[in-house]
Amino acid sequence: MKKVKVRARLLTKEFDLFKNRTEQIKSIFALKKDKVPKFWALKGVSFDIYEGEAVGIVGINGSGKSTISNVISKVIPQTSGTLEVNGKVSVIAIGAGLNGRLTGRENIRLKALMMGLTNKQVDQVEEQIIEFADLGAFIDQPVKNYSSGMRSRLGFSIAIHQNPDILIIDEALSVGDQTFYQKCIEKMVEFKNNGKTIIFVSHALGQVEALCDRTIWMHYGDLREDGPTSEVLAHYREFTKKFNALSVAERRKYQQKFKNNQTAFNLGKLDQRLASDNETEDFQIDDKQKKMLLKRTKTGQGLSFFSWIIFLALMAFCIFFGTHSVTSFAHDPNNPTVVAQRKLAVVVKRENKAAKKANSNSWSQNQKINGTNYRIKDMYSFQKGDTMQKIADKYHITFKQLQEANPQVAGRIKLGQILLIPDVQHEKK
Amino acid sequence: MNDMIIVLKEQLKNLGMIFRVSKYEERATYQSHYLGILWEVLNPIIQVGIYYLIFGLGFYGGRQVEGAPFIVWMMIGLSVWLFMNSAILGTSNSIFQKMYLISKMNFPVSVLPSINIASNLTAFFAMFGVTIVVALSQNVIITFKWIQFVYFFICMIAFLFSLGIFSATMTVLIRDYHMILQSIVRVLLYLSGVIWNIKDANFPVLFKAILELNPIFYIIDGFRAALLSGDWFWVDYQHLIFFWAITLLTFFVGAHLHVKFRARFVDLS
C-alpha cells in the first residue's frame, strides 16, 4: 500500500475581514469575538495524497486553491479539521521568498543557508541551481531587475534543489517560456518517479493534463470533484464553458450567491452538510472523530498551571525586589552610587586634611603668591548648591584669588570640601 | 515554561545556521559600499568623536569620571550601547522584515532575533577592541577583574535575546510597538549613563534608584567596573538578582507569545 503524504480531514479556513488594525489587535488578544465579518475560504475539505502522486488543483479565481497550498505548507494554520503532512514541503510561488536587493546568486546562498546547509554543501548546490535556472550573466544582478519569467525560473530552481518530499507549485510555471517549462516538466516527472509528491495549482489545464494523474476541483471553498485528471477536467471544462456563456449579470449573480454562502458559513453548517452527504463514510470518520474535527483548532497553547505559577512568582519577585532595592537604595552599602559617594568622601577627607595642615603650617603667616599677599581669613565648607563664584562673591574676592588659594582642589569640588578664604583686603590697606 | 524550552532548543539546534546566515547577511549588507566592512568601525568612531566633543570637552571639561579618563569611560559605555541599540531595534524588526522570505518555507522563526544579534557581534568586537587599545594608551591597567567581561557579555546576550524574542513577536502583532521602542531607546541613551555619569548627577535619590534598575545600565556599568577596576560583580548582588529576574520574566513572556502566535504570523502581518 502506498504511503499517505498529505491527509486532510474536514479542513476549514476562516478569514477575518477586519476593517482596521484596531479590530485586528482586539481579536488577537481575544477581547472581541464574532463581531467581525468572516469569510470561509475552505468549507470542510477532505482528501488523501499519496507518495509518487502528482495532483492538480484547479478551480476558478477565489475558489480556495492557494489557501489549500498555504495550509499544506503550514504558512497559515487551518481553522478546524486536521492536516497530516509527512515529509519536507517546498513551495514555489511567483517571486516568493526572493530578496529584490540581493543578486540571484546571493539569494540562492541565503536561502540555502537558511535551510540549514553548511557552507560546503551550499557551494555544491549553488552550481546546480545556477545551471538549472540558466540565467546567464543575470545571476549576478539584483533580483529586482529580473523579468517575471526569470524570477520564476530562479524560484523554481531553488525550490526543486531543496530536495523536498512534497513540492507545491502555485501557478509559478505560467510565466516561464516553453523551453524552461519543458525542463521543469522533465524534472518533475523525474521527481515523481523517485516516489515524491507534487501538488500542482494551475489555471493552465494543458499543463495539468500533462503532469497530473489526479485532479482536485475546488469550487468556492468546497471540494467539488476529486478523481482522474481526464474525468475531472472534462467536467471542469464543461462548467467553464457554461459559465462563460452566461450574461455578465447572471454571472455576477452566480458568484454573489456562492460568496454569500462563504460569508454565512459556520461549523454548524458543515455538520449539517455532513449529515446529508457521504463524506464521513468515504473517509471513515466516526462520530467521535467528527466532533473533534468540528472544533476550532487552538493556535498555540495556553499557559499550564505550573507555568502560571512560575510566571506569577517571577512577576512578584521582580516587583518585590525592584521596590526593595529602590527603597533601600540610599543606604545599601553595595549600591554603586553609595560606593561612589563613599569613595568621594574619603578623597574629600584627605584633601581637607591636607588643607588644614597647610593652614596650620604656612597660612598662619602672610604669604605671597604671584605677587599678592595672602592671609587666611576663613575656612568654608562647600555646601550643596554652591559654586566657586558664589563663594568668592560672598567674601568679596575674585574667583581667581579663591582658586589660587586652594591648589588642593583638583578637578571638581566635592560636597563638604573645605576651601581656604584668603584675606586680600588686608593687603590693599 | 515549555515555551521557553522550545525556543531555547530551536536556538541550540540551529546554532550553526544562525552564525552562517548572520555572517553572510553581514557581508551582503556592506557589499554595495566602497569602504565595505570598514564602516562597522568608522561609524562608531565618528559618534565617539561627536560625543567626546560635546560631553568630554564641553560637559565634563576634560575631567575624569569614576577615576578614569572620560574618553575611556565613555568608549566602554558607547561600544556596549551601540551594539545593544542596534540589536534591540534590529531584533524587534527581524521577523517582520523576513516575512517575505520565511512565509513560503519551513523555517524556525525564533532564530531570526538570534541571527540579528549575531550579525551585530562583529561590529561590537571591533569597537570593543578599539576601546581597549584606547584604554591601554590612557594607562588603564589590565587586572584580573577583566575576566568579568565574560560574565557581562553573557548578561548582555541573554538580555538582548529575551527582549528580542518578545519585541520581534510584538512587532508582528502590533506594528506600533516598533515605533514606541524606537522612541524609548532614544531616551535610554541618556538614562543609561552611556555618555554621562548618572551616578553623580543631581537627581533625587528615588529617581536615581529607579534608573539603576535599568538592565541596560546594569550591563554598561558592569563592563565599566570590569575594565576600570570596580567592584566584583557579585558585590552588588541586589542589582544582579533583579537583572536576571527581569531578563527571565521578559524571556518567559516573549517565548510564550512567540510560540502562541507564530503559526498565525503570516495571517497577522
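Just so you know, these numbers come straight off a predicted model, no measurement behind them.

Concerning the sheet that holds strand β1 (residues 4-16) of chain A
Residue and element names in this part refer to chain A.
Phase 1: The strand order β2-β1-β4 describes an open sheet built from 3 strands, whose pairing is antiparallel. The sheet terminates laterally at β2 (38-50) and β4 (80-85), the two strands that pair on one side only. Mean inter-strand twist for the sheet, computed between neighbouring axes without regard to direction, equals 20°.
Phase 2: Relative to β2, β1 runs antiparallel, the two being bridged by 10 bridges. The partner of Asp 16 across the bridge, within β2, is Lys 38.
Phase 3: Those strands touched by helix α2 (residues 65-72) are β1, β2 and β4, and its axis lies near 65° from that of β2.
Phase 4: Across the sheet, helix α10 (residues 267-276) lies against β1, β2 and β4, angled at about 45° from β2, the strand it touches most.

A word on the UniProt feature "transmembrane region" (unreviewed entry) in chain B
Residue and element names in this part refer to chain B.
Phase 1: UniProt marks residues 41-60, 72-95, 115-137, 149-174, 180-198 and 239-259 with the feature "transmembrane region" (unreviewed entry), using the numbering shown here.
Phase 2: Note that residues 41-60 is 95% helix and 0% strand, and that its end C-alpha atoms are spaced 25 Å apart.
Phase 3: Split by type, residues 239-259 is 100% helix and 0% strand. Its first and last C-alpha atoms lie 30 Å apart.

Examining the interface of chain A and chain B
Phase 1: Each partner contributes residues to the interface: chain A has 60 residues there, and chain B has 55 residues.
Phase 2: In this assembly, chain A packs against chain B so that about 5,400 Å² is buried in total across both faces, 66% of it on carbon and sulfur atoms.
Phase 3: Our count for the contact surface shared by chain A and chain B stands at 2 residue pairs in polar contact (both at pLDDT 80 or more).
Phase 4: Going through the elements one at a time, β1, α1 (21-28), β5 (89-93), α3 (104-114), α13 (305-327) and α14 (336-363) of chain A are the ones with two or more residues in the side of chain A that touches chain B.
Phase 5: Classifying every residue of the side of chain A that touches chain B gives 31 nonpolar, 20 polar and 9 charged.

Section: empty space enclosed by the protein
Residues and elements named next belong to chain B.
Phase 1: Under the criterion given, the structure shown has 2 cavities of 30 Å³ or more.
Phase 2: Here the second largest cavity defines a volume of roughly 30 Å³.
Phase 3: Forming the walls of the second largest cavity are Glu 66, Trp 73, Gly 193, Trp 196, Asn 197, Ile 198, Lys 199, Phe 217, Asp 221 and Arg 224.
Phase 4: For the lining of the second largest cavity, the element with the most residues is helix α10 (residues 215-227), which contributes 3 residues.
Phase 5: Partitioning the lining of the second largest cavity into residue classes produces 4 nonpolar, 2 polar and 4 charged.

Points about the packing of helix α4 (residues 119-133) of chain A against helix α5 (residues 148-160) of chain A
Residues and elements named next belong to chain A.
Phase 1: Where α4 contacts α5, the axes come no closer than 9 Å and their chain directions differ by 140°. Accordingly, the angle class assigned to the pair α4 and α5 is oblique. As α4 runs across α5, the sense of the crossing is right-handed. Between α4 and α5, the contacting residues are Ile 129, Phe 132 and Ala 133 on the first element and Arg 153, Leu 154, Phe 156, Ser 157 and Ile 158 on the second.
Phase 2: Here the residues of the contact of α4 with α5 sort into 6 nonpolar, 1 polar and 1 charged.

Digging into the environment of Trp 217 of chain A
All names here are of chain A.
Phase 1: Note on placement: Trp 217 falls in strand β8 (residues 214-219).
Phase 2: Given the relative accessible area of 2%, Trp 217 is considered buried.
Phase 3: When the C-alpha positions of Trp 217 and Gly 56 are compared, they lie 8.3 Å apart, and in sequence the two are 161 residues distant.
Phase 4: Aside from chain neighbours lying at most four places away, what touches Trp 217 is Val 58, Gly 59, Asp 222, Leu 223, Arg 224, Glu 225, Val 232, His 235, Tyr 236 and Phe 239.

A closer look at the pairing of β5 of chain A
All names here are of chain A.
Phase 1: Counting buried positions over the 5 residues of β5 gives 5, a clear majority of the element.
Phase 2: A two-sided burial pattern is seen for β5, the buried positions comprising Val 89, Val 91 and Ala 93 on one face and Ser 90 and Ile 92 on the other.
Phase 3: By the bridge criterion, 5 bridges tie β5 to strand β6 (residues 166-170) in an arrangement that is parallel. Residue Ala 93 lies in a different strand from β6, and its bridge partner there is Asp 170.

Quick notes on the rules
- The numbers attached to residues start from 1 for each chain and follow its sequence in the written order.
- All chains are assigned letters beginning at A, and all ligands numbers beginning at 1, according to the order in which they are written.
- Since the coordinates come from a predicted model, pLDDT governs what is reported: local features require at least 70, and pairs of side-chain atoms require 80 or more to be given and counted, while whole-chain, interface and lining totals use all residues.
- Hydrogen atoms and water are omitted, and side-chain values are computed over all heavy atoms in the structure.
- The rule for pairing is simple: two strands pair if DSSP sees at least two bridges between them.
- Numbering of helices and strands starts at the N terminus; helices are DSSP runs of H or I of at least 4 residues and strands are runs of E of at least 2.
- A fitted line through C-alpha atoms serves as each axis, taken over the contacting stretch for helices, and the angle formed by two N-to-C directions is quoted from 0 to 180°.
- Residue contacts follow a heavy-atom distance rule, with two residues in contact if any of their heavy atoms lie within 4.5 Å.
- UniProt positions are given in the numbering used here, feature names are shortened, and annotations may be inferred rather than shown by experiment.
- Values labelled buried area give the accessible surface lost by two parts on being combined, using a 1.4 Å probe and summing over both.
- Pairs of N or O atoms within 3.5 Å make up the polar contacts considered here, provided that, within protein, one atom can donate a hydrogen while the other can accept it, and that residues adjacent in sequence are counted only when both atoms are side-chain atoms.
- Only Asp, Glu, Lys and Arg are considered charged, only Ala, Val, Leu, Ile, Met, Phe, Trp, Tyr, Cys and Pro nonpolar, and every remaining residue, Gly among them, polar.
- Computed over the protein atoms alone on a 1 Å grid, cavities are sets of points where a 1.4 Å probe fits but cannot get out and pockets are open sets with protein on both sides within 12 Å along at least five of seven lines; a residue lines them when it has an atom within 4 Å of a point.
- Grid points are joined across faces, edges and corners, and a volume is the space filled by probe spheres set on the points.
- Angles are sorted into four bins: roughly parallel if under 35 degrees, roughly antiparallel if over 145, roughly perpendicular if 65 to 115, and oblique for all others.
- Crossing handedness follows the turn of the near helix against the far one: under a right angle anticlockwise gives a left-handed crossing, and clockwise gives a right-handed one.
- Using a 1.4 Å probe on the protein chains alone, a residue whose accessible area is under 20% of its type maximum counts as buried, one over 50% counts as exposed, and one in between counts as partly exposed.

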